[in-house]
Amino acid sequence: MTTEAERGTPPADAAPDQERHQERHQERRQERHEIRDQAQLAPDPVPDAPAPPRALRYAALGDSLTAGIGDPVDGGWRGWAALLGAGVGDPGTGVRFHNFAVSGALTRDVEEKQTPAALAFAPDLASVVVGVNDTLRRAFDIQDLALRLDRACGALAAHGTVLLTTCLPDPGRMLGLPAPLALPLARRQRAVNAVVHALAARYDTVHLHMAEASWVADRSLWSADRLHPAERGHRMIAARFHALLAERGLALGPEPSLAADQPPPSRAATLRWLATSGTGWVARRCRDLLPELLRLAGDEVTHWARGTGARLDLHAELALSRALAALSPGAPLARMGE
């Protein structure tokens, strides 16, 4: 006798299982249809809107050179940094410029006061030009200057800021001082420039050479005090920095004009400055610098008489070497006069 199972007929208790299987299959199909319908009804995701372009931010740090002394406008000072600021931003977004420079500032002031304020401004570009006032102080210390300048540049560079630096002519040469007075100042400024060159390489700065003989010799570039650029000098600095920035694709605005609005200082203007503001400037410097400068000049004359003037250069070289060795790791070395 053949059973139902043997003939292929499903047993009676198999029917409920098939029904449940069909029900689950229907449920899954219904779920797939619902998911498909929801996907068709849902709007396409909106891509994140691009952030509006931000105006380039430029901060200027330093002393009277960057504060604009020598370039008077509307009862105040303009200067090369302000002229440059107008030509670095994208014309569509513009630029936000803030000048933190203060006349008479030392490297200590740049590190302790100006750098924190500049960091709060969050600049994309920052010029750091300082050091001449340090050479005109009795307590000149090239190692202290190097460390302070290194910390200031390092703090700005750590935030992605592109730095602008420059080396400067020595004030003794600019003022036309006698050799015994000028040479000690020249050694100091060469040491400052060597530090700046080392830090320029360390932080890949946009670096401008302003200690060139042709630059120093062109008196039409300098104001009556012979220490600060005249308007034409400020325009020249701004144009040369703009060209260096343009080479890196960082200057998107127009090049600063070289055409001066004011005539260069006349001999009469120079004499007026010496008789008024210049007298006060010299008096203030004399209280601090003159006794030390006279001592340095005395040493200079004594070594000349003995034929040992090279020792003064060697002493300056050793002080510079110690200063450069104290810089943050990775800072390349430079020599006096580089």
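Residues numbered from 1 in each chain as written. Predicted model: local features only at pLDDT ≥ 70, side-chain atom pairs only at ≥ 80, totals over all residues. Heavy atoms only, no water.

As for the overall build of the chain
- Helix and strand counts for the chain come out as 14 helices and seven strands.
- For the chain, the proportion of its 338 residues judged to be buried stands at 43%.
- Counting only carbon and sulfur atoms, one obtains 56% of the accessible surface of the chain, whose full area is about 18,200 Å². (Helix = DSSP H or I, 4+ residues; strand = E, 2+ residues; numbered from the N terminus. Buried < 20%, exposed > 50% of the residue type's maximum accessible area, 1.4 Å probe, protein only. Areas by Shrake-Rupley, 256 points an atom, 1.4 Å probe, with all protein chains shown as cover.)

Details of the confidence of the model for the chain
- Summing up the model confidence of the chain, the mean pLDDT is 83 and the portion of residues at 70 or higher is 75%.
- Contacts of residues 1–10 to residues separated by more than four positions or lying in other chains number three contacts, the stretch itself having pLDDT below 50.
- Note on residues 333–338: pLDDT under 50 across the span, and 18 contacts to partners over four residues away in sequence or across chains. (pLDDT = per-residue confidence, 0-100. Contact = heavy atoms within 4.5 Å.)

Describing unusual backbone geometry
- Phi is positive for Ala 122, which is not a glycine, with a value near 55 degrees.
- Positive phi is not limited to glycine here, since Asp 204 has a value of about 50 degrees.
- Position of Asp 204 relative to the elements: it lies in the loop between helix H8 (179–202) and strand E7 (206–209).

Points about the sheet that holds E7
- The strand order across the open sheet formed by five strands is E4-E1-E5-E6-E7, and the pairing between neighbours is parallel. Whereas interior strands pair on both sides, the edge strands pair on one side only; in this sheet they are strand E4 (95–99) and E7. Here the average twist between neighbouring strands, direction ignored, is 15 degrees.
- Inspection of the sheet shows strand E5 (residues 125–129) paired to strand E6 (residues 162–167) by three bridges, in the parallel sense. Across the sheet, residue Ser 127 finds its bridge partner in E6, namely Leu 164.
- Packed onto the sheet, helix H6 (residues 142–157) meets strand E1 (56–62), E5 and E6 and runs at close to 175 degrees relative to E5. (Pairing = 2+ DSSP bridges. Axes fitted to C-alpha atoms, helices over the stretch in contact; angles between N-to-C directions.)

A few points about the packing of aromatic side chains
- In this structure the tally under the stated criterion is four aromatic pairs.
- Between Tyr 58 and Phe 97 the ring centres are 5.2 Å apart and the planes differ by 40 degrees, which places this aromatic pair in the tilted class. Linking Tyr 58 in strand E1 with Phe 97 in strand E4, this pair joins segments that are 39 residues apart in sequence.
- For Phe 97, a relative accessible area of 30% puts it in the partly exposed group.
- Measuring from centroid to centroid gives 6.2 Å for Phe 100 and Phe 121, while their planes differ by 65 degrees, and the two rings are edge-to-face. With Phe 100 in the loop between E4 and helix H4 (107–121) and Phe 121 in helix H4, this pair connects stretches of sequence that are 21 residues apart. (Phe/Tyr/Trp six-rings, centres within 6.5 Å; stacked < 30°, edge-to-face > 60°.)

Some remarks on the packing of H4 against H6
- In the contact formed by H4 and H6, the axes pass within 9 Å of each other and the chain directions differ by 10 degrees. With respect to H6, the element H4 is oriented roughly parallel. Facing H4, whose interface residues are Thr 107, Arg 108, Val 110, Glu 111, Glu 112, Thr 115, Ala 118 and Leu 119, H6 presents Leu 145, Arg 148, Leu 149, Arg 151, Ala 152, Ala 155 and Leu 156.
- Here the residues of the contact of H4 with H6 sort into eight nonpolar, two polar and five charged. (Parallel < 35°, antiparallel > 145°, perpendicular 65-115°, else oblique. Nonpolar A, V, L, I, M, F, W, Y, C, P; charged D, E, K, R; others polar.)

A few points about the packing of H8 against helix H14 (residues 310–325)
- Viewed as axis vectors pointing N to C, H8 and H14 meet at an angle of 30 degrees, and their least axial separation amounts to 10 Å. One finds that H8 runs roughly parallel with respect to H14. For H8 against H14, the interelement crossing comes out right-handed. Residues Arg 187, Arg 190, Ala 191, Ala 194, Val 195 and Ala 198 of H8 form the contact with H14, whose participating residues are Leu 312, Asp 313, Ala 316, Leu 320 and Leu 324.
- Considered class by class, the residues forming the contact of H8 with H14 number eight nonpolar, no polar and three charged. (Left-handed = near helix turned anticlockwise from the far one by under 90°.)

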